[in-house]
Amino acid sequence: MHTLSKSPRVVIIGAGIVGANLADELTACGWTDITVLDRGPIPLTGGSTSHAPGLVFQTNPSRAMTRLAAYTRTKLASLMDPGTGEPAFNPVGGLEVATTAERLAELHRRANFAVAWGLEATVLDPGPAAALHPLLHAGRILGALHVPTDGLASSVLAVEALRARAEARGARFLERVTVTGLESDAGRVTGVRTSGAGGGDGAGGGARDGEVLAADVVVSAAGFWGPQIGELAGVRVPLVPLAHQYVTTSEVPALRRWRDRTGEASGRAGEGAAVGTGNTARLPILRHQGEDLYFRQIGTRLGIGSYAHRPMPARIQDLPQYDAVTGAMPSKLPFTPADFEGPWAASRELLPDLRETEVREGFNGIFSFTPDGGSLVGESSELRGFFLAEAVWVTHSAGVARAVAELIVNGGSETDLRELDIARFEEVQLAGDYVLETSQQAFVEVYDIKHPLEPRLSPRRLRLSPFYDRQVELGASFLESGGWERPHWFEANRALLEKLPAEWVPPERAGWTGRYDSPVSAAEAYATRTNVALFDLTSLRRLEVSGPGAVGLLEQLTTGRVDRAVGSVGYALMLTEAGGIRSDVTVARVGQDVFQVGANGGIDAAYLARAAADWNAAAGTGSERGEVRVEDLTDRTCCIGVWGPRARDLVQLLTETDLSDDGLRYFRAAVTSVAGIEVRILRVSYVGELGWEIYADTAEGLELWDALWSAGRAMGVVAAGRAAFNSLRIEKGYRAWGTDMDTEHDPWSAGLGFAVRKDRSGYVGEEAVDRLRGGAQAEASPGGPGAVANGRRRALRCLTVDDATTVVMGSDPVFVGEEAVGHTTSAAYGYTVHRPIAYAWLPASVGVGDAVAIRSFDRMVPATVTAEPLVDPDGKRLRG
C-alpha cells in the first residue's frame, strides 16, 4: 500500500480484533492520526472478540474468504504478547470429520476448494485421522479433512500486540467511550460525537465527555453494535446479534493419560479460562459439522461450540453491562442447558471419552450474522467516508482489516471484495423482517452442505417479473437471486424431448451435479439454437445515465467509446485504478444525452452513483462539466430476450421498425414500439444467436409477453430458463463477471483485451492499462490484478471434458500432471457441442490442445484445453 506524508484523520469505532488490526494496517502505511474508540475496557471490551474461541479454519468455498483467512493466519502467527512474548497463534492444524457418506463427499469438495485456492489439504482415512487426535476413534468416522496450517488464535493477546504496535506509530486507543452521533457535511462524514471517560495511554491523550472527534474517515468495526452505529450514520447495517453456545468440560481423563504418555505441556496455563489462549493446545482443532459442533483443546479439558440449537437473536438493549467484578459482559449471556442436551449427546457419540466428563461451565456468546452469512465491508453509499468492517470472524479479521485499509488508502483492495461489499444487498434484502429471518437462517445453516444453486426456501416471491404468472402456467422451476424469482427451466417443454435429435440428449446426471438440473434444458437450448425462444431478463440490472455530463462520466468510467451516434451499443469494461476488472457493461445511447447501461448488480449501481455525485460536485465548482443523473430502472422496467435464428421472423411481425441487417445492425439500439407498446430494443445476445433484448415499462410487460407468445405460437416459440441460458453463453465464450473474472484479473488475461479501446484515454485504470497492454502476454506489474499466481502468468482457458458423460462444476482444482495449477470458473453441459465444458484460470503456458485434469470430489476428470468460442467462432449466427 501507498504511504502518505500527511495523515487523514481516521476514527475506528471498535477496538476488537478487527479494529485493532485496522489501526495496525493503517499506521503501517504511515497514517498516524488514528483514533480507536471502544465502549468497554481494552482489550476485554465485552464484544465478540472477548470470548471468541479463536478457531482459524481457512478453507471456504469463496476464494476471497480463504485468502483473507490465510493472511490472518500468517499475520497472527507473527504477533507476540509485548510483555510475555507469548505467540498469538498456535498452528495445531485442523480436522473436519465425516460420519456419513454425504459428509465425506462434502469433505472431498472442501479439500478441492482448499487446493484450488492454494492451501495444503488432504482427506484422510479414519486411521490416519484418528492418529492425529487421541479422542477420535477410527471406527466412528469415515474420514477427515486435514489442513495442517489451521490453528488457534488468541484474539485478546493479538489485540494487545496490535495495539502496542499501532500506538508506537502514533495511534491512540480510547476505552469506555460511547459514540453518540456522527457529524457530516454535504454527504460526507466530518466527525464522531462521543460521551464517556475516554481513558487511554496512546498518543494524544483521552477524549473529553461530549467531545466531537474530527474525522475524514470513520470505520465502524463495532461488531454486533454495528446497526446502532449505522443508525447514527443514516446507514442500514443488515446484521443480527445471535447467541452461540460454548461450554468447557471438566478434565478428560483420556487427555491427561495422553499428556502423561507423550510428555506434552501440562496445559495448566489458561485452564481456568472458559476459552483459553490456545497456546497450550497441541491437538488439532476439530469440527463435526454434521452435528454443528466444534472442539478445541484447553489443557486436559475441551472447549465445545455448538450451532445445533434454535436461533437466539438478542436485542442490544437487553444485553448485560460490563462488570469487571462479576465478569459480566455484553457478549456473554447466561447458558441455557436445555439447548445443549442434544449437542452434548452428539459430542459423546463422536468422542466416547467425554462420557467420563461433565459440562463445567458454559455461556451463550453473541456473534454477528447477516442475511447471507457474509461480512459487511466497504464505503457506505449514503455517507461518504463512512466505512463498514462488520460481521467479521477472527478467522478473517486481519485479512478484512488489510482490505479495508487498502480501500481507504488506495481506493481499492488487492482481494476482490464483491462477496463482502455492503452494496451487494438489494433494497428488499435490507428490510428489517428480511434481515431478521435470513440472518437466523444463516446461523442454522452455518455448517450445512449447500449446493451452489440451492435457493433459500423463505422468504420468497419478493420480486416478480410481470411474466411470472405466465411462467407458472408453463411449469417454471424457479430459483432465486437477489429476491427475484428466476425460471431455471419449464416443464411445459418436457414434451419437446421426444423430438430432440439423439446427439442433443444430455447424459443422465445424478447426485450433486444433477441437483437443480433437468434434461428439459436441453430442449430449450435446442429451440434457441434452431428456432426461437423467450428469456426473462428482468432481474438483470439496468441503469439510465443522463444529462449533459453523461458522455463525460461514462468515458471516465469505461474503456469503450461512448460518444457515438444515437442508437449505438458498446461493450466495455469498468476497471480499478490497478487495471482489474471492476465490471463489464453494455452501454446503449438511446438519446442524445441518455444512455442505458446494462450492469452487474447493486455494487455497480452504487459505484456509478458515487461517481456521478463526485462529477456533479466538480461541475458545481464552475468547471465545464455538465451535470449527470444516474437512475436505477430495474424495478420499473422489464426485459425479454428474443433469441434464435427465427427471432427476426417473430419480432418483425409486431413492429414497423426494419429489423433487417440494413435496418438495425448488430450492436445497435432503437426506441420503437412492439405490439403497440413503447420499447427500447437492443440487438445484442448473451447466448450467441440472432436476437434482441426488448425493454418495456413493467406495467406493460405482461401485454408484451403475451403478444410475442401469441405471434410465435405458429412457429413453435418456447420459453427458456437460466440453465439453458448459462450453457449457451459458455459455449459462446461469453464471460460472467464475478464468476469468470473480477477485480483481481486484468482484461488481457481474462480474454477481454478487445474491450479496451486503443483510441481512448482519460478513463479509470488507464495508467495500469498502458503498463499491461504491451506486456499483457508476458508478465504483470508487481501487485497488479490477478495476472500472476505463484510467479506464473495466468490466463482464462476453455476446457472440454474428454468423457462426454461427466459433468463438472466451478471452483474445482485443475491439475497438470500431479501439480494443481489452477481452478475452474463457469461450468456446464454444452448442449450444442454435446459434452461438458468448463472455463479455468491456468498458467498462460498451458495452451490449446494440452491435457489437464479437473478434480471433482475425489475423482480426476481428464479434460483438454480447447480453442474458443466453441460455437460460431466467426459470429455469423449473431449477424444473420
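Just above, that's the structure.
About the cut-offs
- Residues numbered from 1 in each chain as written.
- Predicted model: local features only at pLDDT ≥ 70, side-chain atom pairs only at ≥ 80, totals over all residues.
- Heavy atoms only, no water.
- Helix = DSSP H or I, 4+ residues; strand = E, 2+ residues; numbered from the N terminus.
- Rg over C-alpha atoms; globule rule 2.2 N^0.38 Å.
- Buried < 20%, exposed > 50% of the residue type's maximum accessible area, 1.4 Å probe, protein only.
- Contact = heavy atoms within 4.5 Å.
- Lys, Arg positive; Asp, Glu negative; His and termini not counted.
- Charge placed at Lys NZ, Arg CZ, Asp CG, Glu CD.
- Salt bridge = Lys/Arg side-chain N within 4 Å of Asp/Glu carboxyl O.
- Pairing = 2+ DSSP bridges.
- Axes fitted to C-alpha atoms, helices over the stretch in contact; angles between N-to-C directions.
- Parallel < 35°, antiparallel > 145°, perpendicular 65-115°, else oblique.
- Left-handed = near helix turned anticlockwise from the far one by under 90°.
- Nonpolar A, V, L, I, M, F, W, Y, C, P; charged D, E, K, R; others polar.
- 1 Å grid on protein atoms, 1.4 Å probe; cavity = no way out; pocket = protein on both sides within 12 Å on 5 of 7 lines; lining within 4 Å.
- Points joined across faces, edges and corners; volume = space filled by probe spheres on them.
- Phe/Tyr/Trp six-rings, centres within 6.5 Å; stacked < 30°, edge-to-face > 60°.
- Lys NZ or Arg CZ within 6 Å of the ring centre and 35° of its normal.
- Expected span 1.5 Å × (residues − 1).
- Polar contact = N/O pair within 3.5 Å; in protein donor to acceptor, adjacent residues only side chain to side chain.

Engineer: Help me out: how do you make sense of the overall build of the protein chain in this one?
Structural biologist: In terms of regular secondary structure, the protein chain is built from 19 helices and 40 strands. The C-alpha atoms of the protein chain give a radius of gyration of 28 Å, which matches the 29 Å a tight globule of 880 residues would have. Seen through its C-alpha atoms, the protein chain measures out along the principal axes to roughly 85 × 70 × 50 Å. Per-residue burial over the protein chain gives 60% buried out of 880 residues. A separation threshold of at least 6 residues defines the contact pool for the protein chain, and within that pool the share at least 24 residues apart is 72%. With 87 positive and 109 negative side-chain charges, the protein chain shows a separation of 2 Å between the mean positions of the two kinds.

Engineer: Would you mind going over the pattern of salt bridges with me for this structure?
Structural biologist: Opposite charge on two side chains makes pairing possible when the charged atoms of those side chains draw close. With the rule as written, the count across this model stands at 57 salt bridges. The salt bridge involving D563 is made with R589; its shortest N-O contact spans 3.0 Å. Taken together, the positions of D563 in the loop between α14 (550-557) and β25 (569-575) and R589 in strand β26 (residues 581-591) put the pair 26 residues apart, joining distant regions of the chain. Judged by relative accessible area, D563 falls into the partly exposed class, the value being 46%.

Engineer: How do you make sense of the sheet that holds strand β28 (residues 629-632) when you look at a structure like this?
Structural biologist: Hydrogen bonds between backbone atoms are what pair the strands of a sheet, whose relative direction is either parallel or antiparallel. Pairing within the open sheet is antiparallel, and its five strands lie in the order β25-β26-β27-β24-β28. What marks the edges here is a single partner per strand, and that holds for β25 and β28. Within the sheet, the average angular offset between the axes of one strand and its neighbour, ignoring direction, is 30°. Here five bridges tie β26 to strand β27 (residues 594-598), and the two strands are oriented antiparallel to one another. Across the sheet, residue A588 finds its bridge partner in β27, namely Q596.

Engineer: What should I look at first to understand the packing of helix α13 (residues 520-530) against helix α18 (residues 722-731) in this one?
Structural biologist: Angle between the axes and distance between the axes are the two parameters that describe a pair of packed helices. Where α13 meets α18, the closest approach of the two axes is 8 Å, and the angle between their N-to-C directions is 55°. Between α13 and α18, the crossing angle belongs to the class labelled oblique. For the pair α13 and α18, the sense of crossing is right-handed. On α18, the residues that touch S521, E524, A525, T528 and R529 of α13 are A723, A724, L728 and E731. When its residues are assigned to classes, the contact of α13 with α18 shows four nonpolar, two polar and three charged.

Engineer: I keep staring at the sheet that holds strand β8 (residues 151-153) and nothing clicks. Help me out?
Structural biologist: Pairing in this open sheet of three strands is antiparallel, and the strands run β3-β8-β4 from one edge to the other. The sheet is open, and its two edges are formed by β3 (55-56) and β4 (89-90), each paired on a single side. Two elements, β4 and β8, share two bridges in a ladder whose sense is antiparallel. Bridge pairing links N90 to L152 in β8.

Engineer: Explain empty space enclosed by the protein to me, please; I cannot follow it from the model alone.
Structural biologist: Rolled over the atoms, a probe as big as a water molecule pinpoints where empty space is left. All chains considered together, the criterion is met by three cavities of 30 Å³ or more. The calculated volume of the largest cavity comes to roughly 120 Å³. For the lining of the largest cavity, the secondary structure elements donating two or more residues are β22 (484-490), β23 (533-536), β33 (718-720) and α18. Of the residues forming the lining of the largest cavity, the biggest block, five residues, is contributed by β22.

Engineer: Mind showing me how you'd approach the packing of aromatic side chains here?
Structural biologist: Two aromatic rings, taken as a pair, are described by how far apart their centres are and by the angle between their planes. Inspection of the entire model under this criterion finds 24 aromatic pairs. Judged by centre distance (6.4 Å) and plane angle (55°), the rings of Y294 and Y307 are tilted. Residue Y294 is found in strand β15 (residues 293-298), and its partner Y307 is found in the loop between β16 (301-306) and β17 (332-334); the two are separated by 13 residues along the sequence. Y307 shares its class with Y294; the two are buried. An aromatic cluster of at least three residues, connected via ring pairs, comprises Y246, Y294, Y307, F363, F369, W393, F443 and Y447. Here R418 stacks its cationic end above the ring of W737, 6.0 Å away from the centre of that ring. The ring of Y607 has R582 lying over it, and the distance from NZ or CZ to the ring centre is 3.9 Å.

Engineer: Where do I start with the pairing of strand β37 (residues 819-830) in this structure?
Structural biologist: For a regular strand, the rule is simple: side chains alternate between the two faces of the sheet. With 10 of 12 residues buried, β37 is to be regarded as a mostly interior element. Relative to β37, strand β36 (residues 813-816) is paired through four bridges, and the arrangement is antiparallel. Pairing of V816 across the sheet is with E819, part of β37. Linking β36 back to β37 in an antiparallel pair, the connection comprises two residues, with G817 at a positive phi of about 65°. Sheet topology places β37 next to strand β38 (residues 835-843); six bridges connect them, and they run antiparallel. From the neighbouring strand, Y829 faces β38, where its bridge partner is P836. In this antiparallel pair of consecutive strands, β37 and β38, the connection spans four residues, and H834 shows a positive phi of 65°.

Engineer: Looking at this structure, I do not really get helix α2 (residues 63-77). What am I missing?
Structural biologist: Because the α-helix completes a turn every 3.6 residues, residues three or four places apart line up on one side. Here α2 spans 21 Å end to end across 15 residues, near enough to the 21 Å set by a 1.5 Å rise per residue. All of the buried residues in α2 are R63, A64, M65, T66, L68, A69, T72, R73, K75 and L76. The residue sitting at the N-terminus of α2 and contributing the capping side-chain oxygen is S62; that oxygen lies 3.2 Å from the backbone nitrogen of A64.

Engineer: Is there a simple way to think about the environment of L682 in this case?
Structural biologist: Among the secondary structure elements, L682 is positioned in strand β31 (residues 677-682). L682 gets classed as buried once you look at its relative accessible area, which sits at 2%. Along the sequence, L682 and L664 sit 18 residues apart, while their C-alpha atoms lie 8.9 Å from each other. Ignoring anything within four residues of it in the chain, the contact list for L682 reads V569, A588, R668, A669, G691, W692, E693 and Y695.

Engineer: What exactly am I supposed to notice about unusual backbone geometry here?
Structural biologist: Trans is the prevailing form of peptide bonds, just as negative phi is the prevailing case for residues other than glycine. Looking along the chain, the bond that leaves I42 and enters P43 is cis, with omega of 15°. Positionally, P43 belongs in the loop between β2 (34-37) and β3. Cis peptide bonds are those with omega within 30 degrees of zero, and the linkage from S458 to P459 qualifies with -5°. As for its position among the elements, P459 is in the loop between α10 (432-444) and α11 (468-473). Its identity is not glycine, yet R176 carries a phi of approximately 55°, on the positive side. You can see R176 is positioned in strand β9 (residues 172-185). Residue R176 is classed as partly exposed on the basis of its relative accessible area, which comes to 42%. Even without being glycine, H834 reaches a positive phi, approximately 65°. You can see H834 is positioned in the loop between β37 and β38. Among the residues examined, H834 registers a relative accessible area of 25% and is labelled partly exposed.

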